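Residues per chain are reported as follows:
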Amino acid sequence: MDADPLPPLGAYDPETLDQAFSALREEVETSARALAGPELFRLRWLGRKQGRLKLLSDAWLKEAPPEARRTVGQRFNELKAAIEQTLHALEQQGDASALLGESIDISLPGTAPRLGAEHPLMRTMQDMVQVFERMGYSVASGPEVETDFYNFEALNFPPGHPARDTQDTLVLANQERKPARERLLMRTHTSTVQIRTMESQPPPVRVVIPGKVHRNDESDATHSPVFHQIEGLCVGTDITFADLKGTLDHAMRAFFGPAVRTRFFPSFFPFTEPSADVQISCPFCGGRGCRKCKHSGWIELLGCGMVHPEVFRAVAGKQPAYDPARVSGFAFGMGVDRIAMMKYGITDIGLLYSGDARFLEQFR
Ligand code: DAH
């Protein structure tokens, strides 16, 4: 039994006494719950040598100045009565469970608290972001509810451009009265933050943008209307396609392992020119072909390209240093969900959004 000493009382005015005694009342209640059985409770409070009540009597009652002795004594008696009442209740409880044949089996396993685990998506995102942080990139974010301007127009998807159809967009209702570029929508990609970043700072920039995006896609094993991307943007003077290749090649090897190779294919995005799709050699089979790479030896992982002059022009109004004649840059974007699924062998994207603890607990 521990005998934590009672702190000296210091003063004997009604307020101090109120506080001191109500703290003790609380202590009585907590210890009734915490101590295993009435006998331990009795020892703690009423034990003849080390009981709390004895300590209290020594430290507070006997030390009280004559004029306070009456009130302290009164409160002392009230506390004592409360302790005795609690003890009585504890004893009755004990009797009742003895009657029912219940006793505490201390060999039973305890109730383990359920520990949380980092979500596989967040872990993947964090790991990938770290690869770029080590290359001197900073991290930015932007809103998920965006204007048409940031999601499309500034990225060189003018109104009516067919490339808009590749991103089935969720738009907010009742926006018709606004000018087209101010209408709100759920961002379909993180490329929006390329524009926001350049508007807010002059070159050079090196930034990665992890975030959530939304599309009007039917859910199935590989599609979810909510998913995650990591965007990258690097702008400076004399940034070339060779820098883009070197950066992504390094990043993929840092993330998937040093044996992984990359290859680039011509592609199209309105906001990059030239544009490319990037494949990596399958990190699971080393490129020999397996189920994960659908026996092709390669996995398509991201889109990229050199920042289109029109994109620089869209921000040059606010940051004149983004003059396409003076700066150049590259951008890239990758889907985090696919990478996480590949890395952890998850075959249904829906599991990432199910909030099912049994699924998540596997990633501890
Ligand atoms: N925003 C594109 C998408 O969601 C991905 C992308 C492609 C981002 C090329 C880029 C890029 O920055 O250069 O489909």
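This is a predicted model, so every value here is computed, not measured. (Residues numbered from 1 in each chain as written. Predicted model: local features only at pLDDT ≥ 70, side-chain atom pairs only at ≥ 80, totals over all residues. Heavy atoms only, no water.)

What am I meant to see in the pattern of salt bridges here?
Once their charged atoms are close, side chains differing in charge can pair, the charge on each being opposite to the other. Within this structure, the stated rule accounts for 17 salt bridges. Glu 39 is the partner of Arg 42 in a salt bridge, and the nearest nitrogen-oxygen pair spans 2.9 Å. Here the residue Arg 42 and the residue Glu 39 both occupy positions in helix H2 (residues 38-46), the gap between them amounting to three residues, near one helical turn. The closest approach of N and O atoms between Arg 358 and Asp 356, which form a salt bridge, is 2.8 Å. Linked by salt bridges that have partners in common, Glu 27, Arg 44 and Arg 52 make up one network. (Salt bridge = Lys/Arg side-chain N within 4 Å of Asp/Glu carboxyl O. Helix = DSSP H or I, 4+ residues; strand = E, 2+ residues; numbered from the N terminus.)

Just checking my understanding: could you explain the domain arrangement of the protein chain for this structure?
Many analyses report the size of an interface as the accessible area lost when the parts associate. Parsing the protein chain into structural domains produces domain 1 (14-99) and domain 2 (120-363). Centre-to-centre, using C-alpha coordinates, domain 1 lies 65 Å away from domain 2. (Domains from an automatic or database assignment.)

Would you explain the pairing of strand E5 (residues 226-236) in this entry?
The side chains of a regular strand alternate, residue by residue, between the two faces of the sheet. Summarising burial for E5: 10 of the 11 residues are buried, a large majority. In the sheet, strand E4 (residues 205-214) pairs with E5 via 10 bridges, with the strands oriented antiparallel. Note that in E5 the partner of Val 213 across the bridge is Phe 227. The sheet contact formed by E5 and strand E9 (residues 328-335) spans eight bridges and is antiparallel. Its bridge partner being in E9, Glu 231 is matched across the sheet by Gly 333. (Buried < 20%, exposed > 50% of the residue type's maximum accessible area, 1.4 Å probe, protein only. Pairing = 2+ DSSP bridges.)

Looking at this model, I keep getting lost on the side chain of Ser 328. Mind explaining?
Mapped onto the elements of the fold, Ser 328 is located in strand E9. If sequence neighbours within four positions are ignored, Ser 328 has contacts with Cys 234, Val 235, Gly 236, Thr 237, Asp 238, Ile 239 and Phe 312. (Contact = heavy atoms within 4.5 Å.)

Is there a simple way to think about the sheet that holds E5 in this case?
Consider a sheet: its strands pair through backbone hydrogen bonds, and that pairing is either parallel or antiparallel. The sheet built from seven strands is open, its strands ordered E1-E4-E5-E9-E8-E7-E6 with mixed pairing. Bordering the open sheet on either side are strand E1 (138-139) and strand E6 (262-269), each of which pairs with just one other strand. Contacts between helix H7 (residues 192-200) and the sheet are confined to E4, E5 and E9, with E5 contributing the most and set at about 40° to the helix. Packed on one face of the sheet, helix H10 (residues 336-344) meets E5, strand E8 (298-307) and E9 and runs near 55° to E9. (Axes fitted to C-alpha atoms, helices over the stretch in contact; angles between N-to-C directions.)

I would appreciate a short explanation of H7 in the present structure.
Because the α-helix completes a turn every 3.6 residues, residues three or four places apart line up on one side. Burial runs high along H7: seven of the nine residues are buried. Within H7, the full set of buried residues consists of Thr 192, Val 193, Gln 194, Ile 195, Thr 197, Met 198 and Glu 199.

Explain the packing of aromatic side chains here, please?
Pairs of aromatic rings are described using the distance from one ring centre to the other and the angle between the two planes. For the coordinates displayed, the defined rule picks out 13 aromatic pairs. Where Phe 132 meets Phe 332, the ring centres are 5.0 Å apart and the plane angle is 25°; that geometry is what we call stacked. Of the two residues, Phe 132 sits in helix H5 (residues 120-133) while Phe 332 sits in strand E9, which places them 200 residues apart along the sequence. Judged by centre distance (5.2 Å) and plane angle (70°), the rings of Phe 152 and Phe 157 are edge-to-face. Residue classification places Phe 157 among the buried residues on the basis of a relative accessible area of 1%. Through a chain of ring-to-ring contacts, three or more aromatic side chains come together here, namely Phe 132, Tyr 137, Phe 330 and Phe 332. Over the aromatic face of Trp 298 sits the side chain of Arg 263, whose NZ or CZ is 3.9 Å from the ring centroid. (Phe/Tyr/Trp six-rings, centres within 6.5 Å; stacked < 30°, edge-to-face > 60°. Lys NZ or Arg CZ within 6 Å of the ring centre and 35° of its normal.)

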